[in-house]
Amino acid sequence: MSVTQNGDYRACGFHESHRIGNVKDKSLTTAWNDLQHNPLHLKLRDKSNIKGKCGVCEYREICGGCRTRAEYYTGDLFESDPACAYVPKVMRGE
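Bear in mind the structure is a predicted one, so any value in this text is a computation, not a measurement.

**Student:** Any chance you could explain the overall build of the protein here in plain terms?
**Tutor:** For the protein, the count of helices and strands is five helices and three strands. Ordered by position from N to C terminus, the α and β elements of the protein give β-β-β-α-α-α-α-α. Taken along the three principal axes of its C-alpha coordinates, the protein extends 55 × 20 × 20 Å. Looking at the protein as a whole, 29% of its 94 residues qualify as buried. Summarising the internal contacts of the protein: among those between residues at least 6 apart in sequence, 35% fall at separations of at least 24. Summed over all atoms, the accessible surface of the protein reaches about 6,300 Å², with 54% contributed by carbon and sulfur.

**Student:** When you look at the environment of C57 in this model, what are you seeing that I'm missing?
**Tutor:** Mapped onto the elements of the fold, C57 is located in the loop between α3 (52-56) and α4 (67-74). As a C-alpha pair, C57 and K89 span 32 residues in sequence and 7.2 Å in three-dimensional space.

**Student:** Help me understand the environment of C84 in this model?
**Tutor:** Structurally, C84 is set in the loop between α4 and α5 (89-92). For the pair C84 and R45, spaced 39 residues apart in the sequence, the C-alpha separation amounts to 19 Å.

**Student:** How should the packing of aromatic side chains be read in this particular structure?
**Tutor:** In the structure shown here, the tally under the stated rule is two aromatic pairs. Ring geometry for Y72 against Y73: centres 4.9 Å apart, planes inclined by 80°, an arrangement best described as edge-to-face. For Y73, a relative accessible area of 57% corresponds to the exposed category.

**Student:** Got a minute to help me understand the state of the cysteines in this structure?
**Tutor:** Joining two cysteines, a disulfide is a covalent bond between their sulfur atoms. Under the criterion given, the structure shown has zero disulfides. With no disulfide of its own, C12 lies closest to C66 among cysteine sulfurs, the gap being 6.0 Å. A relative accessible area of 26% means that C12 is categorised as partly exposed. Cysteine C54 shares no disulfide, and the gap to the nearest cysteine sulfur, in C84, comes to 5.7 Å.

Each value, and the rule that gives it
Residues numbered from 1 in each chain as written. Predicted model: local features only at pLDDT ≥ 70, side-chain atom pairs only at ≥ 80, totals over all residues. Heavy atoms only, no water. Helix = DSSP H or I, 4+ residues; strand = E, 2+ residues; numbered from the N terminus. Buried < 20%, exposed > 50% of the residue type's maximum accessible area, 1.4 Å probe, protein only. Contact = heavy atoms within 4.5 Å. Areas by Shrake-Rupley, 256 points an atom, 1.4 Å probe, with all protein chains shown as cover. Phe/Tyr/Trp six-rings, centres within 6.5 Å; stacked < 30°, edge-to-face > 60°. Disulfide = S-S within 2.5 Å.

Below, the structure is given as structure tokens:
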């Protein structure tokens, strides 16, 4: 979680479109607790929602790719991270 220069809380410092609140309206503790129950955040935490090569990668649970980059380049927050060069074992036929 991050706080921008204008006081907005964001789940990710790189993702500008998912605002959680602002320091003027909500405490950090409240913003954090709200984030833990946010439907989108819960869906993001469930790695089974990830698609493409990130979705079948053996490192999905510990990595999952950058969701912000996936959305920026593909339009889908749950699509594969296009900057990842790793090829999962299942795609290599191992």
